[in-house]
Amino acid sequence: GAVVSQHPSRVICKSGTSVKIECRSLDFQATTMFWYRQFPKKSLMLMATSNEGSKATYEQGVEKDKFLINHASLTLSTLTVTSAHPEDSSFYICSARRIDIPFGEQYFGPGTRLTVT
Amino acid sequence: GENVEQHPSTLSVQEGDSAVIKCTYSDSASNYFPWYKQELGKRPQLIIDIRSNVGEKKDQRIAVTLNKTAKHFSLHITETQPEDSAVYFCAGRSNAGGTSYGKLTFGQGTILTVHP
């Protein structure tokens, strides 16, 4: 149990276009989901915390108008990279905590490799 | 907010040897410390975690120790195998109030290579 999926796993887009990444908790409900960004050979950097039914909380330095996060249900959060540029190319990973274990383990999705050309 | 420092950045050992990775944290309110193994292009996988009410936890070849007073925790892998080769991340999380509430802060990562 406790599986998190992401879609797509890889996406290539042209500069200036927008890309949406979905994060789903498949067998549990999650009030809180997290979005991370990871550059090659680097650590995971938290971008924002997504709470179901409310606005996301962004980390310092993350542009909320560029990285739009929507947490529409207890099993789905989406990250939209708007007007993508080559410097947005990265590995984006989401994670989720179970609603019934609020301070338990975070379950990670498999990641989405975004390449902006 | 929380700051987690991890050392070493790379670690090379012979198969069968032990490997130790160390982390320090800054926020005394942090009370949950997981360790993740990440293979190239894959998701981080939780390998062991420890909470602040425990000083040591062991799971087969893997153990974690926590020193709350010194604010550091360590991962110990014994009898290493080539399949242990990966990047390992430590993390800390505070369940107290403030800007770090409920969020994992990751260390910089350690590239572990186990030579056959």
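Residues numbered from 1 in each chain as written. Chains lettered and ligands numbered in written order. Predicted model: local features only at pLDDT ≥ 70, side-chain atom pairs only at ≥ 80, totals over all residues. Heavy atoms only, no water.

**Q** Explain the overall build of chain A to me, please; I cannot follow it from the model alone.
**A** A tally of helices and strands in chain A yields zero helices and eleven strands. Against the globule reference of 13 Å for 117 residues, chain A gives a C-alpha radius of gyration of 13 Å, in line with a compact fold. Principal-axis analysis of the C-alpha atoms gives chain A an extent of 40 × 25 × 20 Å. Residue burial in chain A is summarised as follows: out of 117 residues, 50% are buried. A fraction of 55% describes how many contacts in chain A between residues 6 or more apart in sequence connect residues 24 or more apart. For chain A, the computed accessible surface area is about 5,700 Å², with 53% contributed by carbon and sulfur atoms. (Helix = DSSP H or I, 4+ residues; strand = E, 2+ residues; numbered from the N terminus. Rg over C-alpha atoms; globule rule 2.2 N^0.38 Å. Buried < 20%, exposed > 50% of the residue type's maximum accessible area, 1.4 Å probe, protein only. Contact = heavy atoms within 4.5 Å. Areas by Shrake-Rupley, 256 points an atom, 1.4 Å probe, with all protein chains shown as cover.)

**Q** Is there a simple way to think about the pairing of strand S2 (residues 10-13) of chain A in this case?
**A** Both faces of the sheet carry side chains from a regular strand, because those side chains alternate between them. Residue and element names in this part refer to chain A. In S2, alternate side chains face the same way, and those of Val11 and Cys13 are buried while those of Arg10 and Ile12 on the opposite face are not. Bridging between S2 and strand S11 (residues 112-116) involves four bridges; their strand directions are parallel. Opposite Ile12, over in S11, you have Thr115 as the bridge partner. (Pairing = 2+ DSSP bridges.)

**Q** Help me understand the interface of chain A and chain B in this model?
**A** A common way to express how large an interface is: the accessible area buried when the components associate. Across the contact, 21 residues belong to chain A and 19 residues belong to chain B. Both sides together, the interface formed by chain A and chain B hides about 1,600 Å², and carbon and sulfur atoms give 53% of it. Taken as a group, Ser43, Phe103 and Phe108 of chain A account for 34% of the area that chain A buries against chain B, more than any other trio of residues on that side. The closest approach of N and O atoms between Glu59 of chain A and Lys103 of chain B, which form a salt bridge, is 2.7 Å. For the interface between chain A and chain B, the tally reads seven residue pairs in polar contact (both at pLDDT 80 or more). (Buried area = accessible area lost by both parts, 1.4 Å probe. Salt bridge = Lys/Arg side-chain N within 4 Å of Asp/Glu carboxyl O. Polar contact = N/O pair within 3.5 Å; in protein donor to acceptor, adjacent residues only side chain to side chain.)

**Q** Which parts of the structure should I look at to understand the sheet that holds strand S3 (residues 19-25) of chain B?
**A** Within a sheet, each strand pairs with its neighbour through backbone hydrogen bonds, oriented either parallel or antiparallel. Residues and elements named next belong to chain B. Taken in spatial order, the five strands make up an open sheet running S1-S3-S8-S7-S6, and their pairing is antiparallel. Edge strands, defined here as strands with exactly one partner in the open sheet, are strand S1 (4-7) and strand S6 (56-59). Across this sheet, the average inter-strand angle for adjacent strands is 15°, counted without regard to direction. In this structure, S6 lies alongside strand S7 (residues 62-67), joined through four bridges in antiparallel fashion. Looking at S7, one finds that Lys57 is bridged to Val64. (Axes fitted to C-alpha atoms, helices over the stretch in contact; angles between N-to-C directions.)

**Q** When you look at the layout of surface pockets in this model, what are you seeing that I'm missing?
**A** If you add up the space inside the largest pocket, you get close to 590 Å³. Lining the largest pocket are 23 residues; nearest its centre among them are Met45, Leu46 and Glu59 of chain A together with Glu2 and Thr105 of chain B. Every element with two or more residues in the lining of the largest pocket is listed here: strand S4 (32-38) and strand S5 (44-51) of chain A together with strand S10 (104-106) of chain B. Looking at the lining of the largest pocket, the element that brings in the most residues is S5 of chain A, giving four residues. Broken down by class, the residue content of the lining of the largest pocket amounts to ten nonpolar, nine polar and four charged. Its boundaries defined by the atoms lining it, the second largest pocket holds a volume of some 420 Å³. Along the wall of the second largest pocket there are 20 residues; nearest its centre are Pro40, Lys41 and Lys42 of chain A together with Leu40 and Val87 of chain B. At the level of elements, strand S9 (86-94) and strand S11 (110-115) of chain B are the ones that each hand at least two residues to the lining of the second largest pocket. Of the residues belonging to the lining of the second largest pocket, the class tally is seven nonpolar, eight polar and five charged. (1 Å grid on protein atoms, 1.4 Å probe; cavity = no way out; pocket = protein on both sides within 12 Å on 5 of 7 lines; lining within 4 Å. Points joined across faces, edges and corners; volume = space filled by probe spheres on them. Nonpolar A, V, L, I, M, F, W, Y, C, P; charged D, E, K, R; others polar.)

**Q** Which parts of the structure should I look at to understand the state of the cysteines?
**A** Disulfides are covalent bonds that connect the sulfur atoms of two cysteines. Residues and elements named next belong to chain A. Under the definition given, this model contains two disulfides over all chains. Across the disulfide from Cys23 sits Cys94; the S-S distance is 2.0 Å. The sign of the S-S torsion, about 80°, decides the handedness of the disulfide formed by Cys23 and Cys94: right-handed. With Cys23 in strand S3 (residues 19-25) and Cys94 in strand S9 (residues 90-97), this pair connects stretches of sequence that are 71 residues apart. (Disulfide = S-S within 2.5 Å.)

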